[in-house]
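Overview (structure and organization)
Listed here are the chains, written in short residue letters.
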Amino acid sequence: MKRVYFLLAFSTLGMSTYGQKTIDQKVAELLAKMTLEEKVGQMVQYSGFEYATGPQQSNSAAVLEEIKKGKVGSMLNVAGSEETRAFQKLAMQSRLKIPLLFGQDVIHGYRTTFPVNLGQAASWDLGMIEKSERIAATEAAAYGIHWTFAPMVDIARDPRWGRVMEGSGEDTYLGTKIGLARIKGFQGRGLGSLDAVMACAKHFAAYGAAVGGRDYNSVDMSLRQLNETYLPPFKAAAEAGVATFMNSFNDINGIPATANQYIQRDLLKGKWNYKGFVVSDWGSIGEMIPHGYARDANEAAEKAIQGGSDMDMESRVYMAQLPKLVKEGKVDAKLVDDATGRILTRKFEMGLFDDPYRFSNEKRQKEQTDNRENRKFGREFGSKSIVLLKNQGNILPLSKTVKTVALIGPFAKETVANHGFWSIAFKDDNQRIVSQFDGIKNQLDKNSTLMYAKGCNVDDQDKSQFSEAVETAKKADVVIMTLGEGHAMSGEAKSRSNIGFTGVQEDLLKEIAKTGKPIILMVNAGRPLIFNWASDNIPAIMYTWWLGTEAGNSIADVLFGTVNPGGKLPMSFPRTEGQIPVYYNHFNTGRPAKNNTDRNYVSAYIDLDNDPKYPFGYGLSYTDFKYSDMILSSVNLTGNQTLNISVTVSNTGKYDGEEVVQLYIRDLFGKVVRPVKELKGFQKIFIKKGESKKVDFKLTPEELKFFDEDLNFDWESGEFDIMIGTHSQNVQTKRINWVK
Ligand code: BGC
């Protein structure tokens, strides 16, 4: 039923009527009145002047004049009811009074920030993810924003790439589901609602596969791999009615995505029949010159529009080049009409022609500033995103009455850092952010003592604060260490070649460990980090990402057991940088290792175990779950039958808890080789202690399909392994035969 509503809400896009006429008719009428320059104007987007999210070519006075002349279609980084109103007033001075669209990176919350996206993905909780975007949309729309540049649905297998924090990890199935939940959350009841923003599937495409994990780098891969691993979240987004797409900085097999006819024209606007518009990434049209794909701005503009880029974000080449290119006959005027029409359609759908100021409303803005309900949700969401990696001797949860606790580490009293990267709605407003120190202090018994020592800074070599930290630890019954990477060390342009704890943090941890005190380690990061010494020597480890406005409270809720952690890793954690990329759904190779230490002429490193440090889907709970009675409806299937699979999960531990039950398959032989495992379903279930639940899955031939060399998408008769378990390396397996 819910799904039907979702589809209905999106299927009405572009068909709603305003007055007697359809939007298509209105767009056609408007286009007929527009000059070529006015049309191209709609295809231009500039950044506001207060801050920039890319290398801005600032000329604010000229931009303001161009808006008045109808030569600008959209602004990014202009937000707030007052500011958006002021800009919209300028657009209303233009000949045809076409309203501006205001876009912004609303990535993991707006006024209320939520965990960084990779952390959200660790919750595997589609309902919460959707709700967080509903809140983000409501807050952002109340600040005059029409359009968010999210969700980022780039699949990423390389944790060196800083932008893994913005995505959903390494898996296509999980990433697709999360992308859809986000779009549903952002677009709510549909475009035009005052609490909905247009979503944007980005970065089209394969941006997450940059060679070496270095941001903006090239991508070279087979079209089979591109279609199978990287494109499905985009295709699903297009089918679900995502309002816009953004292309990417990288080239794909030698052709920049921005001018890539295969992905933007043949697939997106062709085969997938997508009716929304495509915005370039910041400056990506102009960047085709350094790419070596366009000789100059003129050629860049020509190739970008031919390749399907409808709006130019901050390259400033469309307005300068396109009218000329059309007049010279080098660009078909119909391409400009098509791009402009797509953009105008969205403006009509958003209701901006009825009232260009409808999102600029002071009262709504006030209601959505520091909204208590939203924070409450943020606290809960934060705790659900935490992944418990280790809990030797059940040291966690910690009793609130433990006498003395030492909190040590550079992040303990941080406030702003808890937002992580991409928290644009915050400038200096750090009063409202709950530090880890405050969160823990608030919940610790009043007769207990919480001591603090910083120990070191995030990223330098200075050890002068070590001795104070060691002395503090010596006085405590339990030490909580909070270490990791700085909040601005992941995100755009934040690739790292070495993904350990930065500076002298690990040395600090070793010094504190020498005191012999029990240590609980909290890892703050936007990506999978490598921390082998800590993993092997510290009894309890919680992966806390960056959790947003309520971070300290969310952490304390898990630390003291108010919330039993249930997060699971959405990316494999490597043992060393040299093991990257390591991901669960790899091929078997002709010489697979028999076990972790097999080195006998097999596909392995001679100096490293084969598996990752922590596998995809891994995460502990304070309770124990036991899997039993895996039952298949049949082991011999034909044609379009449905396979019913069930498993019983029992909570055999001491706490109520949530478990993410994961379903994987393996297609044993194919005309192209198939991964050793592929996630095909998951369910997050709550089980009371002492109770059991039967969990059901269904599988149809649809889930068995794959791309062959000629890009046919189909399934083949044969044997398949069906696997169910608690993470990608802990499953029960049953074999079936499925014949077409
Ligand atoms: C990023 C995009 C972002 C845009 C606007 C670019 O640098 O790659 O993801 O939406 O800037 O801020």
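Residues numbered from 1 in each chain as written. Predicted model: local features only at pLDDT ≥ 70, side-chain atom pairs only at ≥ 80, totals over all residues. Heavy atoms only, no water.

1. Structural notes on the UniProt feature "domain: Fibronectin type III-like" (unreviewed entry) in the protein
This is how it is decided: UniProt positions are given in the numbering used here, feature names are shortened, and annotations may be inferred rather than shown by experiment. Strands are runs of DSSP state E lasting at least two residues, helices are runs of H or I lasting at least four, and both sets are numbered from the N terminus onward.
With numbering matched to this structure, UniProt assigns "domain: Fibronectin type III-like" (unreviewed entry) to residues 659-728. Secondary structure across residues 659-728 comprises 0% helix and 59% strand; the distance between its end C-alpha atoms is 14 Å.

2. Considering the packing of aromatic side chains
Any aromatic ring pair is given by two values, namely how distant the centres are and how the planes are angled relative to each other. Which entries qualify depends on this criterion: Only rings of Phe, Tyr and Trp enter the pairing, Trp through its six-membered ring, and a pair is recorded when the two centres are within 6.5 Å. The plane angle decides the type: under 30 degrees is stacked, over 60 is edge-to-face, the rest tilted. When a residue's accessible area, from a 1.4 Å probe over protein chains only, is under 20% of the maximum for its type it is buried; when over 50% it is exposed; and in between it is partly exposed. In our convention, an over-ring charge means Lys NZ or Arg CZ found within 6 Å of a ring centre and within 35 degrees of that ring's normal.
Counted under the stated rule, the structure contains 34 aromatic pairs. On the basis of an interplanar angle of 70 degrees and a centroid distance of 5.5 Å, the ring pair of Tyr110 and Tyr143 is categorised as edge-to-face. Residue Tyr110 is found in the loop between strand E5 (101-104) and helix H6 (117-123), and its partner Tyr143 is found in the loop between helix H7 (126-142) and strand E6 (147-148); the two are separated by 33 residues along the sequence. Summarising the burial analysis for this pair, Tyr110 and Tyr143 share the class buried. Taking 5.6 Å as the distance between ring centres and 10 degrees as the angle between the ring planes, the aromatic pair formed by Phe501 and Phe531 counts as stacked. Taken together, the positions of Phe501 in the loop between strand E16 (478-484) and helix H20 (505-513) and Phe531 in the loop between strand E17 (519-524) and helix H21 (532-537) put the pair 30 residues apart, joining distant regions of the chain. In terms of burial, Phe501 and Phe531 fall into one category: buried. Members of the aromatic cluster, connected to one another through ring pairs, are Phe501, Phe531, Tyr543, Trp545, Phe573, Tyr614 and Tyr618. Here the guanidinium or amino end of Lys303 rests over the ring plane of Tyr293, the centre of that ring lying 4.1 Å away. Taking the ring centre of Phe437 as reference, the NZ or CZ of Lys413 above it sits at 4.4 Å.

3. A look at the site of the ligand
The following threshold applies: In these notes, residues near a molecule or strand are those with any non-hydrogen atom within 4 Å of it. Residues adjacent in sequence count toward polar contacts only when both atoms are side-chain atoms; beyond that, a polar contact is any pair of N or O atoms within 3.5 Å, and within protein one must be able to donate a hydrogen and the other to accept it. Accessible surface is estimated by sampling points in the Shrake-Rupley manner with a 1.4 Å probe; for residues, cover comes only from the protein chains shown.
In the vicinity of the ligand there are 14 residues, among which Thr53, Asp105, Arg163, His203 and Asp281 approach most closely. Here Arg163 contributes a side-chain N or O atom positioned 2.6 Å from an oxygen atom of the ligand. A distance of 2.6 Å separates an oxygen atom of the ligand from a polar side-chain atom of Asp281. The fraction of the free accessible surface of the ligand (310 Å²) that becomes covered by protein chains is 99%.

4. Overview of unusual backbone geometry
Peptide bonds are mostly trans, and most non-glycine residues show a negative phi. The residue after Phe204, namely Ala205, is reached through a cis peptide bond having omega 5 degrees. Note on placement: Ala205 falls in the loop between strand E7 (200-204) and helix H9 (223-230). One non-glycine residue, Lys97, adopts positive backbone phi at about 50 degrees. One can find Lys97 in the loop between helix H5 (81-91) and E5. Its relative accessible area of 46% is what places Lys97 among the partly exposed residues. Its identity as a non-glycine residue notwithstanding, Ala493 has a phi of 60 degrees, on the positive side. Relative to the helices and strands, Ala493 is located in the loop between E16 and H20.

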